[in-house]
Structure formats: C-alpha cells, structure tokens
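One letter stands for each residue in the lines below.
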Amino acid sequence: MMTAITRGLAVLAMAMTLAAPAWAQTITVSDALDRKVAVPQDAQRILLGFYFEDFFAVGGENAFDNVVGISRAAWEDWRNLQWKAYVAAVPKIATLSDVGEVDAGTFSLETAVSIKPDVAILAAWQFSALGDVVSRLESAGIPVVVLDYNAQTVDKHVKSTLALGAILGRQERAKELTDAYTAAIADIEQRVASLDSRPKVYVELARKGAEEIDNSYGDTMWGRLVESAGGTNIAKGQISKWGPLSPEHVLAQNPDFIFLAGSGWVNRDKAVLMGPGVDLQITHERMRPYAARPGWNALTAVNAQNIHAIYHGGARTLYDFVFLQYLAKAMHPEAFADIDPQQNLDRFFADYMPIQFSGTYMTRLPHNRGG
C-alpha cells in the first residue's frame, strides 16, 4: 500500500521524466568548476539562480526573454533597490516563476522541474548547498551549469562569463567583457606591486546601523579586495570568511582607512543606503553615526577623513574591478591618479546594462555636515 509520501515521490518522479526536454542540437559548455556540460544550442527556457546583473551584461537588454524562473529572494530581498531598478526596465522579471532560495532552504525541486528549463544556471555556492538535488535536476533532463563570481579570481570570472556567452549565443560579447576585465585587474596588480606601503584597513558590512557590529571579512569578498588593492586587512587572521570583528581589535589596530559596505536591503532602516537611485546625501547621513562610535574619534581613519562607503552588491560581479580601483585609489592616490573608478562604472553600465546608471556606489564621507 502506497503512503502519501511514496505517492508524492512517484508523482514527482513521473513529472521529472515527462519534463525531460528533447533537443535537436547541443553544445558543450565548460563551467566555472571545469565541468563539461551538454546544453541545447539555443536554450529557450533558462532557470537562473544568481548573478542576475552579470547575466544581463553578457546577454544584453533582452537577456531575460528566455528566462522562465529565478531564485527571487536572492535578488528582491538581498538587493532590493537593484531589483526595483531592473524590474522597472524589464517588467517581465517580476512575473518569472520563483524556485525558492537555496540559502534559506526554500528551494523547490518540484517548481524547478515544473517550469521545464532547458538549462539551470547556478552559483557555485548554490550548487554546493543543493547537494543531491543537483543530480535530481539532471535526472529530469535539466543540465546544470555553475558560475562563480564569488571566488573573486580572474580565472573564475573568465570561465563564468565565457560559459554564459556560450549558453546565450553571445560569445563575442563575453570575450570582450573578459578581455576588459583581465586587462583592468592586470593594471591594478602591476601598480600595487610597486607600492612601498600598505595602510591598515577595516571593512564592515553596514547593514545593521552603527549601534551593532556587523560582519567584517577575512580572506573573502571585501577582505580579499582590500589586500589586492594594496591594503592590510586588519580582519585577516581574526576571521576566516566573515563575521564581526571585536571593537577592541579595531581600536587597537587603529586603521588608516575604514570602508563601510552599504546596499538597499529590505527592512534595514539604519543601514548605509547605497545602490540604484540612492541620493549621495542619504548615504552620508547613514555613514555619520559610524564615525561617532565610542573611541572612533581617536582613529587615524576618522581624523584623516578616510571613511568611505562602497556598494556591497559590487563585490562579486563583472564590474567589481571598479571597486578594486576605488579601494586602491583611496589608499594610494598618486599611484592611481589617472584612474577614475566612477567614470569606469558609468561606462560599464552605458555599454552593457539595460538600466541607465544612477545612484551612489562609492563615496567618501565629507567632514562638513552639509555634504
């Protein structure tokens, strides 16, 4: 006698079998994990788990025409202002099927199968967290391609971008993007290699407001970028990936520079607000309480007016090179005097993105209260 659970699994298995697509022609894509994946030559139905802006950068303004499902919370909740900006430009995004969010444990295999994607594109962290769900997707005839911009290496950026280019039939555009990215990073590395000093840097995720200590970063994300930009990350060795750094350690280290990572989170009224459409003065208003934290009036960074804010959503994208340039120029203005990170960000959006650039993505807190 079949139990309700057994019947449910049987129905899902049948649905997975029926959902398996039949393709006339396939191509082999090498993904960020060096997996060789056979995908349809002209994928008409795409499930996209993450890296929404990078998908647009490679695919162009009509990239989402063939997307049938997304992990909505990973965009709408994590980068709410960004979500709103792209929905305004491409309203279809808000109507796409939601397969749930991997990190929160709400990813639905049944929903993913039911929308019958020709290919599922996942971030490496999603691929890892899903475990055997990936093999069940593949058993349903849905190939899985893995991207990884979170690794913040040129190699992974290039592989991820070329994989997207192959899937979307935009190989030349993908190559143009990877060539430009590789050249920008090489230029930064060359300049940093000749530096004589590496100032001490503290980075904090400015999500909770100045009253609460939020994450800093060890060998990943902003921590990695600080080191690549010619700084000494005071959280290195104290935190493996991310987590709060003790106030005592920050005061004892007396950083030369402080970078606050801001964004447009949902229900975060004290966060340093940054991103599409954000007025610069609002960002500065949210930054000022951090400068007034207990003991911070004695920090070199505060007295030298070296408190900056950077857009958190930009730490793992195809345009993260502009934030690396910003970090490097803030710390080493003479070595990067001819580099204009804001201008480079403006150009990237003008050339590759479907929305007109506006908002605050990088800024220095001015001394006067009117700025």
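This text goes with the structure placed above it.
Not measured: the values here are computed from a predicted model.

With that settled, the discussion passes to the overall build of the protein chain. Each helix and strand in the protein chain was counted, giving 15 helices and 14 strands. A globule of 371 residues ought to have a C-alpha radius of gyration of about 21 Å, and the protein chain, at 22 Å, matches this closely. Put simply, the protein chain has 371 residues, and 53% of those count as buried. A sequence separation of at least 24 residues applies to 68% of the contacts in the protein chain between residues at least 6 apart. When the accessible area of the protein chain is evaluated, it comes to approximately 16000 Å², of which 50% is carbon and sulfur surface. Charge-centre separation for the protein chain: the mean point of 33 positive side chains lies 3 Å from the mean point of 41 negative side chains.

With that settled, consider the sheet that holds strand β13 (residues 307-311). With mixed pairing, 5 strands are arranged side by side in an open sheet as β10-β8-β12-β13-β14. Two strands in the sheet have a free side with no partner beyond their single neighbour: β10 (232-233) and β14 (362-364). As paired strands, strand β12 (residues 257-262) and β13 are joined by 5 bridges and run parallel to one another. Across the sheet, F259 pairs through a bridge with H308, a residue of β13.

The subject of this paragraph is the environment of I188. Structurally, the position occupied by I188 is in helix α9 (residues 171-193). Every residue in contact with I188, bar those within four places of it in the chain, is listed here: S228, F321, L324, Q325 and F336.

Here is what the cut-offs are and how they apply
- Each chain carries its own residue numbering, running from 1 in the direction its sequence is written.
- Two thresholds apply to this predicted model, a pLDDT of at least 70 for residue-level local features and 80 or more for giving and counting side-chain atom pairs, whereas whole-chain, interface and lining totals are computed over all residues.
- Calculation of side-chain values draws on the structure's entire complement of heavy atoms; hydrogens and water are dropped beforehand.
- Elements are defined by DSSP. Helices are runs of H or I of four residues or more, strands are runs of E of two residues or more, and each kind is numbered from the N terminus.
- C-alpha atoms define the radius of gyration in this analysis, and the globule rule sets the expected value at 2.2 Å times the number of residues to the power 0.38.
- Partly exposed residues are those whose accessible area sits between 20% and 50% of the maximum for their type, while under 20% is buried and over 50% is exposed, using a 1.4 Å probe and protein chains only.
- Whether two residues are in contact is decided by their heavy atoms: any pair within 4.5 Å suffices.
- In this description, accessible areas are obtained by the Shrake-Rupley approach with a 1.4 Å probe, and a residue is regarded as covered only by the protein chains that are shown.
- His residues and chain termini do not enter the charge count, which takes Lys and Arg as positive and Asp and Glu as negative.
- We put the charge of a Lys on NZ, of an Arg on CZ, of an Asp on CG and of a Glu on CD.
- Strands are treated as partners if at least two bridges between them are detected by DSSP.

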